Amino acid sequence: MSIAIQNPATHSSFATAIPRAYVHKAAESEVLLTGWNPVGPDRHRITARWPIAHPFYGPVGGFHDPLLVAESVRQCVPLLSHVAYDAPFGHRQTWSSFRYELDPAALAVTGADAEVELRVTCSDVVRRGGRLASLNMHVEMFVDGRPLGTVETGFANLSPALYTRLRGAYADLDRAVRRTVPLAPPMPAARVARARLTDVVLSPTSSPARNQLRVDLNHPTLFDHAVDHAPGMLLLEAARQAVHAQTYPQPVIATAMEVVFTQYVELDAPCWIHTEPLADAGEPLGPVRVSAVQNGVCAFSAVVTPTAVTSSVGVRD
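Quick caveat, the model's predicted, so the values are computed rather than measured. (Residues numbered from 1 in each chain as written. Predicted model: local features only at pLDDT ≥ 70, side-chain atom pairs only at ≥ 80, totals over all residues. Heavy atoms only, no water.)

## A look at the pairing of strand β11 (residues 288-294)
Then, number 1: Most of β11 is tucked away, with 6 of its 7 residues classed as buried.
Then, number 2: Bridge count for strand β10 (residues 271-277) against β11 is 7 bridges, and the pairing is antiparallel. For histidine 274, the partnering residue across the bridge sits in β11 and is serine 291.
Then, number 3: Two successive antiparallel strands, β11 and strand β12 (residues 297-308), enclose a turn made up of 2 residues, where asparagine 295 displays a positive phi of approximately 55 degrees. (Buried < 20%, exposed > 50% of the residue type's maximum accessible area, 1.4 Å probe, protein only. Helix = DSSP H or I, 4+ residues; strand = E, 2+ residues; numbered from the N terminus. Pairing = 2+ DSSP bridges.)

Now the structure itself:
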C-alpha cells in the first residue's frame, strides 16, 4: 500500500519510516516502525526495522536486544491509536500491562538490520464519548521471516484534559523537570550488560537486592522527548538491568517479561528497584521479580525470565 496523503503512516516500505509524530518520537533515528496495513476488523500488519547500529538498543553478544520487542510494540500503541482508532494528536497513551515471551534463537544477529513483522489483533476496545478510552493488543512477531514470539499489552488513551486532571501538579512539565532527583553514581556497566556508564539506569546500595533508579533526562533514547514522569521503557530497562546484575557474570537474555504498571514513577523522589529471585534455592537461573518502589508504594512490578547465552541458543536455521 502506497503512502496516502490523508494518512502518511500507511505504507509498507522497509526503506522509510512511519512519521515520528505517529509514534511519539522527536528523533527520526528512534523510529523503528516502517509501515502499517489494516488486514481486517481490529487486525493490523505492522513492519519495523531493527538497526544493528542503534546506539542504545544495539546487539549484545551476537543477539538483538530483546527490549527492541518492547519498544516496537510501544510504538504500535500510539500509531494504532491515531491511525486506526481516531485518537487525536495530543492524547496520551498509558500502559497498564505488558508481557512478552521470545525464542532467543530468533534474536541472533545476521549481520544486517533485521526486518520485523508484527501481526496485531486488538480486543476489548472501549470508547467513551466517541473517543478511544482503552484497548488490549495481542502481537505475533517475526524477525527476518522467523517466528520470534508473542506480546500482550493493554493501555488507556487519555485526553489532555483527563491527563491534566489525573496528574494534578505533576502535569506541569517544567516544574516536574526542575524537581528531578540528582543522578546517583552508576553501577559498573559490565555488571548490567552495558558498555557505557551513561546507559546504566541503576545505582548500587549496600544491598545487592536494592538499587536506586537513575533518571537521566539527557539520555537521547530513554528521554527522546521531555516527559513529566519516568517512562515505561526506562522501567523495563531497569528491570532488565536488575536481572543482569543478579546473574552476573553469566551472560543472559531476558526471554520473557510480565509487567504491571500500577502508578506513575515521579521524577521528584528516589525510586528503589528491588529484586527477588523466584527460583528454588540453588538453581542457577530462574524468574526474578523486580519491583519499583517510590514513597513506600510499589509503582511497577515485573517478573523477568533470563535464559543463559550458549552457543546453541544463537544457532539459526
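The discussion continues.
## Things to note about helix α4 (residues 232-247)
Then, number 1: Helix length check: α4, at 16 residues, gives a terminal C-alpha distance of 23 Å against a target of 22 Å (1.5 Å per residue), a fit within 8%.
Then, number 2: Taking burial as the measure, the 16 residues of α4 include 15 buried ones, the bulk of the element. (Expected span 1.5 Å × (residues − 1).)

## Quick look at the nonpolar core
Then, number 1: Counting 83 residues, the largest nonpolar core has Trp50, Phe98, Leu118, Met137, Met141 and Leu236 as the members making the most contacts within it.
Then, number 2: Excluding its chain neighbours within four sequence positions, the residues that come into contact with tryptophan 50 are Leu32, His64, Leu68, Val69, Ser72, Leu107, Asp113, Ala114, Val116, Met141, Val143 and Leu148. (Core = buried A, V, L, I, M, F, W, Y, C linked by side-chain atoms within 4.5 Å. Contact = heavy atoms within 4.5 Å.)

## Here's the deal with the sheet that holds strand β6 (residues 146-158)
Then, number 1: The strand order across the open sheet formed by 12 strands is β1-β2-β4-β5-β6-β3-β9-β12-β11-β10-β8-β7, and the pairing between neighbours is antiparallel. Since the sheet does not close on itself, it has two edges, and those belong to β1 (33-40) and β7 (202-204), each with one partner. Across the sheet, the mean angle separating the axes of adjacent strands is 25 degrees when strand polarity is ignored.
Then, number 2: In this sheet, β6 lies alongside strand β5 (residues 131-143) in antiparallel orientation, the contact comprising 10 bridges. Looking at β6, one finds that leucine 135 is bridged to phenylalanine 155. (Axes fitted to C-alpha atoms, helices over the stretch in contact; angles between N-to-C directions.)

## Observations regarding the environment of arginine 191
Then, number 1: With respect to the helices, strands and loops of the structure, arginine 191 is situated in the loop between α3 (173-178) and β7.
Then, number 2: Taking the C-alpha atoms as reference, arginine 191 lies 8.3 Å from glutamine 241; in sequence the two are 50 residues apart.
Then, number 3: When neighbours within four sequence positions are excluded, arginine 191 is seen to be in contact with His244, Ala245 and Tyr248.

## Here we look at empty space enclosed by the protein
Then, number 1: Throughout the structure, instances matching the rule amount to 3 cavities of 30 Å³ or more.
Then, number 2: Reported here for the largest cavity is a volume of approximately 90 Å³.
Then, number 3: In this structure, the largest cavity is lined by 15 residues; those nearest its centre are Val181, Gln212, Leu213, Val215 and Ala269.
Then, number 4: The residue inventory of the lining of the largest cavity, partitioned by class, reads 11 nonpolar, 2 polar and 2 charged. (1 Å grid on protein atoms, 1.4 Å probe; cavity = no way out; pocket = protein on both sides within 12 Å on 5 of 7 lines; lining within 4 Å. Points joined across faces, edges and corners; volume = space filled by probe spheres on them. Nonpolar A, V, L, I, M, F, W, Y, C, P; charged D, E, K, R; others polar.)

## So, the pattern of salt bridges
Then, number 1: Considering all chains together, one arrives at 15 salt bridges under this definition.
Then, number 2: Two residues, arginine 45 and glutamate 117, come together in a salt bridge whose shortest N-O distance is 3.2 Å. Highlighted residues: arginine 45 in strand β2 (residues 43-50) and glutamate 117 in strand β4 (residues 114-128), separated in sequence by 72 residues.
Then, number 3: A residue is classified by how much of its surface remains accessible, and glutamate 117, at 17% relative accessible area, is buried.
Then, number 4: The shortest N-O distance in the salt bridge between arginine 179 and aspartate 268 comes to 3.6 Å. Of this pair, arginine 179 sits in the loop between α3 and β7 while aspartate 268 sits in the loop between β9 (252-261) and β10, and the two are 89 residues apart along the sequence.
Then, number 5: With a relative accessible area of 42%, arginine 179 lands in the partly exposed category.
Then, number 6: Judged by its relative accessible area of 22%, aspartate 268 falls in the partly exposed class.
Then, number 7: Within the structure, one salt-bridge network assembled from shared partners comprises Asp65, Arg194, Glu237 and Arg240. (Salt bridge = Lys/Arg side-chain N within 4 Å of Asp/Glu carboxyl O.)

## Digging into the confidence of the model for the protein
Then, number 1: Per-residue confidence for the protein gives a mean pLDDT of 92, with 92% of residues at or over 70.
Then, number 2: Across residues 1-15, confidence stays below pLDDT 50; counting only partners more than four residues off in sequence or on other chains, it has 41 contacts. (pLDDT = per-residue confidence, 0-100.)

## Notes on the layout of surface pockets
Then, number 1: In this structure, the largest pocket spans a volume of roughly 950 Å³.
Then, number 2: If you trace the largest pocket, you find 38 residues lining it, with Gln93, Thr94, Val227, His229 and Gly232 closest to the centre.
Then, number 3: At the level of secondary structure, the elements contributing two or more residues to the lining of the largest pocket comprise α1 (67-83), β3 (92-102), β6 and α4.
Then, number 4: The element best represented in the lining of the largest pocket is β3, accounting for 5 residues.
Then, number 5: Within the lining of the largest pocket, the residues separate by chemical class into 20 nonpolar, 12 polar and 6 charged.
Then, number 6: Estimated volume of the second largest pocket: approximately 340 Å³.
Then, number 7: Lining the second largest pocket are 21 residues, with Val60, Ala193, His244, Pro251 and Val252 sitting closest to its centre.
Then, number 8: Secondary-structure elements contributing two or more residues to the lining of the second largest pocket are α4 and β9.
Then, number 9: Residue contributions to the lining of the second largest pocket peak at 3 residues, all from β9.

## Observations regarding the packing of aromatic side chains
Then, number 1: Taken as a whole and judged by the stated rule, the model has 7 aromatic pairs.
Then, number 2: Ring centres 6.0 Å apart and planes at 75 degrees place the aromatic pair phenylalanine 98 and tyrosine 100 in the edge-to-face group.
Then, number 3: Members of the aromatic cluster, connected to one another through ring pairs, are Trp95, Phe98, Tyr100, Phe261 and Phe300.
Then, number 4: Its guanidinium or amino end placed over the ring of phenylalanine 142, arginine 119 lies 4.1 Å from that ring's centre, counting from NZ or CZ.
Then, number 5: Here the basic side chain of arginine 167 rests over the ring of tyrosine 264, its NZ or CZ set 4.3 Å away from the ring centre. (Phe/Tyr/Trp six-rings, centres within 6.5 Å; stacked < 30°, edge-to-face > 60°. Lys NZ or Arg CZ within 6 Å of the ring centre and 35° of its normal.)

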